[in-house]
Protein chains: 4
Amino acid sequence: MIAILDRACTLKQKTDVVRLLEEEGYRVTVAPLGEQTIVGILGAAAPGLEDRLARLPGVSRVDREVPPYALVSRIHHPEPTTIRVGEVTIGGEEVVVVAGPCSVESEDQILTIARAVARAGARLLRGGAFKPRTSPYGFQGLGEEGLLLLAAAREATGLPVVTEVVAPEDVDLVASHADMLQIGARNMQNFRLLAACGRCPMPVLLKRGPAATLDELLHAAEYVVSHGNPRVVLCERGIRTFETSTRYTLDVAAVPVLKARSHLPVLVDPSHAAGDRAWVEPLARAAVAAGADGLLVEVHHDPERARSDGRQSLTLDGFEGTMRAVRGVAAAVGRSG
Amino acid sequence: MIAILDRACTLKQKTDVVRLLEEEGYRVTVAPLGEQTIVGILGAAAPGLEDRLARLPGVSRVDREVPPYALVSRIHHPEPTTIRVGEVTIGGEEVVVVAGPCSVESEDQILTIARAVARAGARLLRGGAFKPRTSPYGFQGLGEEGLLLLAAAREATGLPVVTEVVAPEDVDLVASHADMLQIGARNMQNFRLLAACGRCPMPVLLKRGPAATLDELLHAAEYVVSHGNPRVVLCERGIRTFETSTRYTLDVAAVPVLKARSHLPVLVDPSHAAGDRAWVEPLARAAVAAGADGLLVEVHHDPERARSDGRQSLTLDGFEGTMRAVRGVAAAVGRSG
Amino acid sequence: MIAILDRACTLKQKTDVVRLLEEEGYRVTVAPLGEQTIVGILGAAAPGLEDRLARLPGVSRVDREVPPYALVSRIHHPEPTTIRVGEVTIGGEEVVVVAGPCSVESEDQILTIARAVARAGARLLRGGAFKPRTSPYGFQGLGEEGLLLLAAAREATGLPVVTEVVAPEDVDLVASHADMLQIGARNMQNFRLLAACGRCPMPVLLKRGPAATLDELLHAAEYVVSHGNPRVVLCERGIRTFETSTRYTLDVAAVPVLKARSHLPVLVDPSHAAGDRAWVEPLARAAVAAGADGLLVEVHHDPERARSDGRQSLTLDGFEGTMRAVRGVAAAVGRSG
Amino acid sequence: MIAILDRACTLKQKTDVVRLLEEEGYRVTVAPLGEQTIVGILGAAAPGLEDRLARLPGVSRVDREVPPYALVSRIHHPEPTTIRVGEVTIGGEEVVVVAGPCSVESEDQILTIARAVARAGARLLRGGAFKPRTSPYGFQGLGEEGLLLLAAAREATGLPVVTEVVAPEDVDLVASHADMLQIGARNMQNFRLLAACGRCPMPVLLKRGPAATLDELLHAAEYVVSHGNPRVVLCERGIRTFETSTRYTLDVAAVPVLKARSHLPVLVDPSHAAGDRAWVEPLARAAVAAGADGLLVEVHHDPERARSDGRQSLTLDGFEGTMRAVRGVAAAVGRSG
């Protein structure tokens, strides 16, 4: 259940609504929605609550049958949201490219790649310090050392840093070094992690799970926003299907569908979908043509020796060529890039 | 098993190879492959045949382990193939748009739509006369009358006609009115139909089945080509996945993958993948950006009253807008459109 | 649209209904539904027809919004249907096992296998004479010679014969040698073939397509029944999913779902789902436990040398063991087997 | 990389191996494998380590190319593992049924259901206190209060308790009240949670993710075991496919495949696969027939008022009937139940 407070609602009225709910034992979330405020009641509500809430001063409407993702939906918020990460704006006119290696491996590696992608036009740097890996015997990332190397690369290039956080207890640590928190595909329904990122004052890049419907992705975004953090960017990265020619099947229709249902920006990760660098550029072009607000691309200066995902990483030259192609398509659909 | 004949092979040598095989009871297919000739032995071959064939004059190589689709593969035929339909070339520089209604419904309907799509830049007219429908109680198309109406629309607009053929016994009839035979997604593994179209001297548009892998699509194309008809155009139209926001999931990566594996042109049908006209234009843009040689788009002047697939049909205005958008993207990827 | 005729409807009344429809240009299907008769109007109906039909003598009801598969649905026909093939009843108390090789290869092969499966308790013999194969270079079956060998095997063992028909023009030929026509998974939506089998007075085994929903399977069955042949047996054989440990994913829930929606019997083919003989017996047990009316199992006396599907064929010993296991499970769920 | 220590390896030798590795900065896992000991090196190993390890006293073999899930694989451990939860043995002759509500809602509710399922033959009690829910506005469980109510139900019935843990920081709390930790499908690749459960001396029920391959499930189990906890039970609960008649598609072949690849016991959850109580019993029968070591079933005394998953919960009567049916099938496949 959600209560939508009046624009003219006073701070006292707002506090009264929240106090009443908390005194009755509800967990409550308060989030801005344009000029209004939405008070969400997490969990199930007792009978009668709806009527009592509706009678409180400052409350303009109570929805028992909440649109399942009230905060991220376009229904109450028709204008697209733009999200700032450092000096970069995601969701505006520019097609924003986030690029970098799958994993941070060494200072030399991350600096080499960061400088090259910056030169080629990337606006944000990606790189994994905490890596979720299918096998316990795989390389799990450099951890905090990786975060420090990412910060050094930001220093050297000016690119804000996006990096994955894999557990609630790491959110503060990662947030102290990064500019944007990435929630990986396999954690899309790790609800504690979503909530923890929702309590963090830092933009979040939320990747679609490989078997998640678009509605489930929007529900996951709602977790983050309803816990207090409205700065969420969605990311399509391929879904699991029977086709094995590519690692996943890029659901390019996700871009217009998500943008129709939600006001949040939408990026596309062509690298994980492709699984092979040969298909990354055409998928990147397709994503931008479909209206994506940006791309998340894996790049490595020496992919054969990458400690993870080398096969799908673009070379530095390959990235430069892809950037040129993407810029052309961006212009054709009325965007800069 | 296939035998690749020498470029310098004489007609007599070629005839001897075929005669030997037919006398031993094999079904044989002879197809040009660039300047060489491939003789395919359909079905399983007896032990020893390989050696005997290899010793015949004019035979340059015998492959027992044929690449599963030798004729449509890029391995023996690295150059892309272009296919002429009337005056139109598919697979060349131009992005070719095939447009029209799902079903031919009346003279007025098909003429209205044909004129509008021609004006907006479509190069071929599509329209169903024989409709495969999930339910026996659905509208099954006008049959031969529909073919005559399509021919009238070609007369009026100059657009060559693409229309579906659903059974081997209809191939001659459909071919006598159409300029290109369409094999629908549900018939992609109707091997008798593939063979019948393979014996017909008319280009074939072969749609991917909704659960077919890309390799199975190429095998299906090989059926057509190995029966004598090298003029096959492939078409991606969405695959079946768990996601229900769209009717099918457009596998946009199919475009670069198919073009890497095969020399045949590749079209994309964004209408069936989308299932809703709202997503047709972004999918069309994505397809062209990914490198598609053209599009197959459903258009209707009055979609609310269409007898089939109205929901996913573009209006005439919508088609015009889509064409403008597609031309921009085509130019951005170095194509005309 | 369908019209349900009264039980007491006279032959003249029935003829009048059909004549009126045909004079107005409709294609009509007449099928018994228990003690009533259903007249189906194929394709779309003109406005007003509904009312005129409802006023005709003998018509008890007209449904414009037909349940999409009126004839095979349980709604108008709550009792399960049993179907006789020779002396064997499918859909009754007995769990009926259909067994035999993927392809008929030689007289010796089919007789050896037929005798062994008969001895082990199979009630029907399967074997392919016309084989739909993914590749044009695969073994396509012995054709008519295969049918004659199957007839010889029936002679030798008394087992009625089930064999696949792949094209409408073969229906008469296959029906003249077989006891039950099989429509393969890849032809489930070959609507001409469905219609041709619907006009043939012989029971039909209809396999689910690997990407077909259960509702699409029931629509396909409705094609056969609405063309005049009520004797259809459904068959689940695995669907296409992302999991590659098995060739297809056996959708064992299809059994209770189909039996709840339709009055037709349901078999399960564990061999194609498994793709490996190691999993055939557990899948066979599961299918019977879930309520299947029978099984379709591939068996070969020398699987290593089988010309198709050897890997998933049970050996003669393996089949005997599977039969013992299946009989135990059948008894546990109140069936004989 | 793993080192397999000799059976006769002394404690000192074992300590030396581990100390050497830890001094070089490796994270190390030590797990029993039958009578041997496996030392696993988590993450990537430096060149040369393999040889040095192999020369240490007590080391019988070093595998650089570890079978991807060495500890849970049958290769090094051919005998099936049985796992004790309280007095109950999973993986032995008995088919063990775990039953209870989706969520613990009140003392009255959990006691009523626990007593009824105990009477009907369930051996373990399930019930959610921490609920992962798709929407932040859904009922998230009673939390610690729910754990106390589960403990009270165990007191009243003697049934050991299985309940879900959703975050690493909850593992100690949940373990202090429960007898077995459940890792839910959406957390199957929450690697921190897997590791935390791996460090807990309590059996773990690990559910397959709806888009996880069987190999990914086994990798996830390897995480738990390689962190020190060998007591893992696998659970198939349906995968995501295009078919919508059921909530998920039960992959019943997972049972024999998992049991062939791994020595761990395998349960099946027919409730989540079905999504509707109508299909729970046939799926339960199928699972046991396929060789499952037990079932996980949702039961509610008043499903219409359940706060979650009511539609797929069996009634108390329905559960009793299902238990009777399951016992019959269990006997037919040589198990008790």
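Residues numbered from 1 in each chain as written. Chains lettered and ligands numbered in written order. Predicted model: local features only at pLDDT ≥ 70, side-chain atom pairs only at ≥ 80, totals over all residues.

### Remarks on the environment of D:Glu93
Residue and element names in this part refer to chain D. Applied cut-off: Counting from the N terminus, the helices are the DSSP runs of H or I reaching at least four residues and the strands are the DSSP runs of E reaching at least two. Here the contact rule is simple: place C-beta atoms from the backbone, and any two residues whose C-beta atoms are within 7 Å are in contact.
Within the secondary structure layout, Glu93 lies in the loop between β6 (88-90) and β7 (96-100). The sequence separation of Glu93 and Gly334 amounts to 241 residues, and the corresponding C-alpha distance is 8.0 Å. Setting aside anything within four residues of it in sequence, one finds Glu93 in contact with Arg335 and Ser336.

### Quick word on the interface of chain B and chain A
Taken together, the 36 residues of chain B in the interface contact 36 residues of chain A. Elements that contribute at least two residues to the side of chain B that touches chain A include exactly α8 (254-261), α9 (270-274), α10 (280-289) and α11 (316-332) of chain B. The dominant element in the side of chain B that touches chain A, judged by the number of residues it contributes, is α10(B), at six residues.

### Brief notes about the pairing of strand β1 (residues 2-5) of chain B
Residue and element names in this part refer to chain B. Inclusion rule: Any two strands with at least two DSSP bridges between them are considered paired.
Pairing geometry for β1 and strand β4 (residues 59-63), over four bridges, is antiparallel. Residue pairing in the sheet places Ala3 in a bridge with Val62 of β4. The sheet contact formed by β1 and strand β3 (residues 36-42) spans four bridges and is antiparallel. Considered in β3, the bridge of Ile4 is made with Ile38.

### Some details on the packing of helix α10 (residues 280-289) of chain C against helix α11 (residues 316-332) of chain C
Residue and element names in this part refer to chain C. Stated formally: For helices, the axis comes from a line fit to the C-alpha atoms of the stretch in contact; other axes are also lines fit to C-alpha atoms, and the angle between any two N-to-C directions lies between 0 and 180 degrees. Should an angle fall under 35 degrees it is called roughly parallel, over 145 degrees roughly antiparallel, and 65 to 115 degrees roughly perpendicular, with every other angle called oblique. Crossing handedness: left-handed means the near helix sits turned counterclockwise from the far one by under a right angle, and right-handed means the same turn made clockwise. Under the grouping applied here, Gly and all other residues not named as nonpolar or charged are polar, the nonpolar ones being Ala, Val, Leu, Ile, Met, Phe, Trp, Tyr, Cys and Pro and the charged ones Asp, Glu, Lys and Arg.
At their nearest, the axes of α10 and α11 sit 9 Å apart, and the two run at 25° to each other. The orientation of α10 with respect to α11, classified from their angle, is roughly parallel. In this structure, α10 crosses over α11, and the sense of that crossing is right-handed. Every residue of α11 that contacts α10 at Val280, Glu281, Ala284, Arg285, Val288 and Ala289 is listed here: Gly321, Thr322, Ala325, Val326, Val329 and Ala330. Class assignment of the residues belonging to the contact of α10 with α11 gives a composition of eight nonpolar, two polar and two charged.

### With respect to the relation of the copies chain C and chain B
Rule in force here: We superpose the copies by least squares over the C-alpha atoms of residues that have a pLDDT of at least 70 in both of them.
Turning chain C through 180° and shifting it by 0.0 Å along the axis lays it on chain B, with an RMSD of 0.1 Å. Taken together, the turn and the small shift mark the pair as related by a two-fold rotation axis. When each C-alpha of chain C is compared by its distance to the rotation axis, C:Ala211 comes out closest, at 2.6 Å. Residue by residue, 100% of the interface of chain C is reproduced at the interface of chain B, so both copies engage with the same surface.

### Notes on the domain arrangement of chain A
Interface size, as often reported, equals the accessible area lost upon joining of the parts. Residues and elements named next belong to chain A. To keep it simple, the criterion reads: Here the bounds of each domain stem from an automatic or database domain assignment.
Each assigned domain of chain A is listed here: domain 1 (2-63) and domain 2 (83-332). One C-alpha centre belongs to domain 1, the other to domain 2; they are set 35 Å apart. Domain 1 puts four residues into the contact, and the matching count from domain 2 is five residues. For the side of domain 1 that touches domain 2, the leading source of residues is strand β2 (residues 27-33), giving three residues.

### What to know about the sheet that holds strand β7 (residues 96-100) of chain B
All names here are of chain B. Read around the barrel, eight strands follow the order β7-β8-β9-β10-β11-β12-β13-β14 and close on themselves; strand pairing throughout is parallel. Taken pair by pair, the neighbouring strands of this sheet meet at an average axis angle of 25°, ignoring direction. Across the sheet, helix α7 (residues 214-226) touches β11 (204-207) and β12 (232-236), and the angle it forms with β12 is around 160°.

### Brief notes about the sheet that holds strand β10 (residues 180-183) of chain D
All names here are of chain D. With parallel pairing, eight strands are arranged side by side around a closed barrel as β7-β8-β9-β10-β11-β12-β13-β14. With strand direction ignored, the average angle separating the axes of adjacent strands in the sheet is 25°. Where β7 meets strand β14 (residues 294-298), five bridges bridge the pair, whose relative direction is parallel. For Val97, the partnering residue across the bridge sits in β14 and is Leu295.

### Digging into the interface of chain C and chain B
Counting residues at the interface gives 32 residues for chain C, matched by 32 residues for chain B. Contributions of two or more residues to the side of chain C that touches chain B are made by β3 (36-42), α6 (191-198) and α7 (214-226) of chain C. Of all the elements, α7(C) adds the most residues to the side of chain C that touches chain B, at five residues. Along the lines of polarity and charge, the residues of the side of chain C that touches chain B split into 15 nonpolar, ten polar and seven charged.

### Concerning the relation of the copies chain B and chain A
When chain B is fitted to chain A, the residual RMSD is 0.1 Å, and the transformation amounts to a turn of 180° plus an axial shift of 0.1 Å. A shared binding surface is used by both copies, with 100% of the interface residues of chain B retained as interface residues in chain A.

### Let's talk about unusual backbone geometry
Non-glycine residue B:Asp309 carries a positive phi angle of around 55°. With respect to the element layout, B:Asp309 can be found in the loop between β14 (294-298) and α11.

### Concerning helix α4 (residues 144-157) of chain C
All names here are of chain C. We count it as follows: Under the convention used throughout, the expected extent of a helix is 1.5 Å for every residue step, that is, one less than its residue count. To sort residues by exposure, count the other C-beta atoms lying within 10 Å of each residue's C-beta; 20 or more gives buried, 12 or fewer gives exposed, and values between give partly exposed, all with C-beta atoms placed from the backbone. Think of the arc as the fan of directions from the helix axis to the C-beta atoms.
In a regular helix each residue adds 1.5 Å, so 14 residues correspond to 20 Å; α4 covers 20 Å between its end C-alpha atoms and thus fits that length. Among the residues of α4, those classed as buried are Gly146, Leu147, Leu149, Leu150, Ala153 and Thr157. For α4, the buried positions fall inside an angular range of 160° around the axis, keeping them on one side. Structurally, α4 contributes buried residues whose contacts are with α3 (107-120), β8 (124-126), β9 (161-164) and α5 (171-177).

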